[in-house]
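The chain contents come next:
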Amino acid sequence: AGDCGINMHECLELSLEETNNQIHKLEKPGIDGSTAVICTVYNNSIWSANLGDSRAMLFRNSSSFPLTEDHTPEEPSEKQRIESLGGKIERVK
């Protein structure tokens with residue numbers, strides 16, 4: 001019966017943004033950490049989104065398929081995003 005006006009991309013994005021905002025209200029200053037994965041099936045399509053250091057994979061018939069892209073500081077776009085928000089990346093041994 002159609003998509004009923006639902007924009008799944010926007011719905012997942014807003015859900016993760018609100019989750020992240022609520023978690024940051026609970027954290028102590030200087031403590032990092034939100035991570036989440038959302039997967040749903042809608043109109044015969046698999047929709048997925050991730051926040052932080054988390055990953056979704058689909059396993060079928062002995063094969064695996066990534067459903068999300070990793071958000072790690074090693075990725076140039078993620079490093080730039082973190083630093084543009086005033087974040088700092090440090091290697092810990």
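What comes next is a walk through the structure. Keep in mind it's a predicted model, so treat the numbers as computed, not measured. (Residues numbered from 1 in each chain as written. Predicted model: local features only at pLDDT ≥ 70, side-chain atom pairs only at ≥ 80, totals over all residues. Heavy atoms only, no water.)

Next up on the list: the side chain of Glu78. With respect to the secondary-structure elements, Glu78 resides in helix H2 (residues 76–84). By relative accessible area, Glu78 is classed as buried at 10%. Discounting residues that sit within four places of it in the chain, Glu78 has contacts with His71, Thr72 and Pro73. (Helix = DSSP H or I, 4+ residues; strand = E, 2+ residues; numbered from the N terminus. Buried < 20%, exposed > 50% of the residue type's maximum accessible area, 1.4 Å probe, protein only. Contact = heavy atoms within 4.5 Å.)

To continue, consider the side chain of Asn50. Of note, Asn50 is situated in strand S2 (residues 45–51). A polar atom in the side chain of Asn50 sits 2.9 Å from the backbone oxygen of Ser54. Within polar-contact distance, the side chain of Asn50 engages the backbone oxygen of Glu69 at 3.0 Å. Setting aside its immediate chain neighbours within four residues, Asn50 contacts Leu16, Ala36, Val37, Thr68, Glu69 and His71. (Polar contact = N/O pair within 3.5 Å; in protein donor to acceptor, adjacent residues only side chain to side chain.)

Here seven bridges tie strand S1 (residues 36–42) to S2, and the two strands are oriented antiparallel to one another. Bridging from a neighbouring strand, Ala36 pairs with Leu51 of S2. Between the antiparallel neighbours S1 and S2 lie two residues, among them Asn43 with a positive phi of about 50°. (Pairing = 2+ DSSP bridges.)

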